[in-house]
Amino acid sequence: MIERIWSGRSWSYIALLPLSALYGLISGLRRLSYKLGLSRSWKAPVPVVVVGNLTAGGNGKTPVVIWLVEQLQQKGYRVGVVSRGYGGKSENYPLLVTDEVTTAQAGDEPVLIRRRTGAPVAVAPKRAEAIKALLAHTPVDIVITDDGLQHYALQRDYEIVVIDGVRRFGNGCWLPAGPMRELSGRLNTVNSIIVNGGTPQSGELPMILKGEWVVNLLTGEMRKVTDIPNGVAMAGIGHPPRFFATLQQLGTSLQKTHAFADHQSYEKSQLLALANSNQNLLMTEKDAVKCFQFAQPNWWYLPVYAHLPEEEGQKVLNEIRALLPELSMYK
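As recorded in an unreviewed UniProt entry, the chain goes by the name Tetraacyldisaccharide 4'-kinase, listed as coming from Xenorhabdus lircayensis. As stated in UniProt under Pathway (unreviewed entry), the record for the chain gives "Glycolipid biosynthesis; lipid IV(A) biosynthesis; lipid IV(A) from (3R)-3-hydroxytetradecanoyl-[acyl-carrier-protein] and UDP-N-acetyl-alpha-D-glucosamine: step 6/6." UniProt lists a comment for the chain under the heading Catalytic activity (unreviewed entry), and it reads "a lipid A disaccharide + ATP = a lipid IVA + ADP + H(+)".

Draft legend 1. Quick look at helix α5 (residues 108-117). Of all the 10 residues making up α5, 8 are buried; the element is thus mostly covered by neighbouring parts of the structure. Buried within α5 are the following residues: Asp-108, Glu-109, Pro-110, Val-111, Leu-112, Ile-113, Arg-116 and Thr-117. The first or second residue beyond α5 is Gly-118, which carries a positive phi of 75°.

Draft legend 2. Representation of the UniProt feature "transmembrane region" (unreviewed entry) in the chain in the model. Here the UniProt-annotated "transmembrane region" (unreviewed entry) positions come out as residues 12-32. Taken as a whole, residues 12-32 contains 76% helix and 0% strand, while its terminal C-alpha atoms sit 31 Å from one another.

Draft legend 3. Up close: the environment of Pro-47. Tracing the chain through its elements places Pro-47 in the loop between α2 (17-35) and β1 (48-52). Spatially, the C-alpha atom of Pro-47 lies 19 Å from that of Lys-61, the residues being 14 residues apart in sequence. Not counting residues up to four positions away in its chain, the partners in contact with Pro-47 are Asp-141, Ile-142, Val-143, Asp-157, Leu-323 and Leu-324.

Draft legend 4. Structural context of α2. Compared with an ideal rise of 1.5 Å per residue, which puts 19 residues at 27 Å, α2 spans 26 Å between its outermost C-alpha atoms and is within 8% of the ideal. Every buried residue of α2 is listed here: Ser-20, Gly-24, Ser-33 and Tyr-34. Looking one or two places after α2, you find Gly-37, whose phi comes out positive at around 85°.

Calculation criteria
Residues numbered from 1 in each chain as written. Predicted model: local features only at pLDDT ≥ 70, side-chain atom pairs only at ≥ 80, totals over all residues. Heavy atoms only, no water. UniProt positions renumbered as here; feature names shortened; annotations may be inferred. Buried < 20%, exposed > 50% of the residue type's maximum accessible area, 1.4 Å probe, protein only. Helix = DSSP H or I, 4+ residues; strand = E, 2+ residues; numbered from the N terminus. Contact = heavy atoms within 4.5 Å. Expected span 1.5 Å × (residues − 1).

Spelled out as structure tokens, the structure:
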């Protein structure tokens, strides 16, 4: 229902416009307060890059964070990541994400980023506290914040906005009548705009998510996704149909699909009911990090990787590296 409203296919959003106007007023006044210096913001001693979005729901932001971390690591930079840790609940903040920290504590995305990149990751509702904990724990040259475009209590040196190229901005309204956290005019103030799929507009960088091999949750075995028969797909992400479409584009014939809420937590019995012993359960990597402890032999996840055109991607990296002149010795 909410997808129909936000996409503009339903006129029900009109009843929510007063709440949207209130949301826009409050968020606008909050941003103005930071801009005028009435509210205090914190400047980190190292450059901060924000990878965020203007809309609620999944846009492909975390794969961009991973791409950026890996690209900078390959150049010799020590990269740290901070996150709000949405979906997790820790007894204490800030929380440093180690191999022992669970998704129930840190949220799924911080654990995924840590597993994929090996970068130090810290989680806290106040991202300044996460950065301070990160710097106290390990030296880093630059910090990437996963989400947080609207977290103006933290000053930033570079902003990247990720857009779902298919859904874009829906009906263009503020929450809750539409999907917008900030209106599209905010794009005029950011450094880079990356569009996940669809057709990019002028000034936007195209990106596609690629994945071909699935990984067995229990054994770590890798197979081509087309070699997995009798597939049943599940996804608890911002936009599950994107994952199902990806599997089908890769040549997978799906017997069933199951969509869950974003950041959904799972129980073993819940997932056992989705696929029998003759079927294979296919999930996203974001879902997989919550299921390793009770994984079954027929459960597989599909890692995806962000791919940007070489020239455009290098331009973004060069602009970010320019924030770090003291590291010009690195290749």
